[in-house]
Amino acid sequence: MGKVVGNKSAARQFAFQFLMTLNYPHNQELLLQLQVNEGSDQQLTATVEQFAESFTLSGELAPIPIEVKKQALEMIHGVVSNIQNIEQLIEQRITKRNLSAINSIDLAILRLGIYELQFCPQQSPMAVIINEAIILSKTFGGQESAPFINGVLDKVAHQQNDIPANDKLTNE
């Protein structure tokens, strides 16, 4: 399993864990409010700040560095603002299940990974985005999470870059 290293990786972990909580039934109303308001900066920032108070990196409860929160907030805002497009991309690439059958961990990882691949690919290399998503899935997901995440993100990345789908990235 990988360990969180660096601000960008820490921001991804923070963003993933926040996005995962939005999948919980008691947070569905919040997610809908954020979508309707297109990720209202004030409401989203306040919600993220509240979440940051109880968040841990590598199992240690400590203040989240400002730069990590800033990067994570950008990712979270991007996912929430583009969630319908992101979910459409997920649905187009899964063949043996539907969106509602994806567990909250895998769904949050996919949303974040697809956001980065599709809406800000210049910020990180494609392989880094996919590999860090796989690390998150190995750390937080089930046994089948890593291959599933790799497969979906690989399809998204290859379609975006017009790379033949059989030129697969490694997941290690």
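See the structure shown above.
Scope of this entry: the structure provided in the associated data block. (Residues numbered from 1 in each chain as written. Predicted model: local features only at pLDDT ≥ 70, side-chain atom pairs only at ≥ 80, totals over all residues. Heavy atoms only, no water.)

### As for the overall build of the chain
Along the backbone of the chain there are eight helices and two strands. Of the regular secondary structure in the chain, the N- to C-terminal order runs α-α-α-β-β-α-α-α-α-α. Classification of the 172 residues of the chain by burial places 47% in the buried group. Restricting the contact set of the chain to residue pairs at least 6 apart, pairs at least 24 apart contribute 72%. With an accessible surface of roughly 9000 Å², the chain has 51% of that area assigned to carbon and sulfur atoms. (Helix = DSSP H or I, 4+ residues; strand = E, 2+ residues; numbered from the N terminus. Buried < 20%, exposed > 50% of the residue type's maximum accessible area, 1.4 Å probe, protein only. Contact = heavy atoms within 4.5 Å. Areas by Shrake-Rupley, 256 points an atom, 1.4 Å probe, with all protein chains shown as cover.)

### Some words on helix α7 (residues 126-140)
A rise of 1.5 Å per residue sets the reference length of α7, with its 15 residues, at 21 Å; its end C-alpha atoms lie 21 Å apart and thus fit the reference within 8%. When we look at burial in α7, the residues that qualify are Ile129, Ile130, Glu132, Ala133, Ile134, Leu136 and Ser137. (Expected span 1.5 Å × (residues − 1).)

### With respect to the nonpolar core
Counting residues in hydrophobic clusters, the biggest one holds 48 residues, and the most contacted among them are Ile76 and Ile90. Those elements that place two or more of their residues in this core are α1 (6-22), α3 (41-52), α4 (66-81), α5 (83-93), α6 (104-119), α7 and α8 (145-160). Among all residues touching Ile76, those that are not within four sequence positions of it are Phe14, Ala15, Phe18, Leu19, Leu44 and Val48. (Core = buried A, V, L, I, M, F, W, Y, C linked by side-chain atoms within 4.5 Å.)

### Brief notes about the side chain of Ser145
Tracing the backbone through its elements, the reader meets Ser145 in helix α8. Ignoring any residue separated from it by four or fewer positions in sequence, one finds Ser145 in contact with Asp106 and Ser137.

### Notes on the packing of aromatic side chains
Tallied over the entire structure, the rule returns two aromatic pairs. Taking the centre distance of 5.8 Å and the plane angle of 15 degrees together, the rings of Tyr115 and Phe119 count as stacked. Of the two residues, Tyr115 and Phe119 both sit in helix α6, four residues apart, roughly one turn of that helix. What makes Tyr115 buried here is its relative accessible area of 11%. (Phe/Tyr/Trp six-rings, centres within 6.5 Å; stacked < 30°, edge-to-face > 60°.)

### Thoughts on the packing of α1 against α4
Between α1 and α4, the shortest axis-to-axis distance is 8 Å and the interhelical angle comes to 45 degrees. As the angle between them shows, α1 and α4 are arranged oblique. Here α1 and α4 pass one another in a crossing that is right-handed. Within the contact between the two elements, α1 uses Asn7, Lys8, Ala10, Ala11, Arg12, Phe14, Ala15, Phe18, Leu19 and Leu22 and α4 uses Glu67, Val68, Gln71, Ala72, Met75, Ile76, Val79 and Val80. (Axes fitted to C-alpha atoms, helices over the stretch in contact; angles between N-to-C directions. Parallel < 35°, antiparallel > 145°, perpendicular 65-115°, else oblique. Left-handed = near helix turned anticlockwise from the far one by under 90°.)

### Things to note about α6
With 16 residues, α6 should cover 22 Å at 1.5 Å per step; its first-to-last C-alpha distance of 22 Å lies within 8% of that length. Counted residue by residue, α6 has 13 buried out of 16 residues, so it is predominantly covered. Near the N-terminus of α6, the side chain that reaches the backbone nitrogen of Ile105, with its oxygen 3.0 Å away, is that of Asn103. (Polar contact = N/O pair within 3.5 Å; in protein donor to acceptor, adjacent residues only side chain to side chain.)

### A look at the environment of Leu136
Mapped onto the secondary structure, Leu136 falls in helix α7. Counting along the chain gives 119 residues from Leu136 to Gln17, while the straight-line C-alpha distance between them is 9.7 Å.

### Looking at the pattern of salt bridges
Scanning the model with the defined rule gives three salt bridges in all. Among the ionic pairs, Glu116 bridges to Arg12, the shortest N-O distance being 2.7 Å. With Glu116 in helix α6 and Arg12 in helix α1, this pair connects stretches of sequence that are 104 residues apart. The pair formed by Glu116 and Arg12 is uniform in burial state, with each residue classed as buried. Here Glu132 ties to Arg12 by a salt bridge, and the two come within 2.8 Å at their closest N and O atoms. Here Glu132, found in helix α7, pairs with Arg12, found in helix α1; they are 120 residues apart in sequence, far enough to count as distant. (Salt bridge = Lys/Arg side-chain N within 4 Å of Asp/Glu carboxyl O.)

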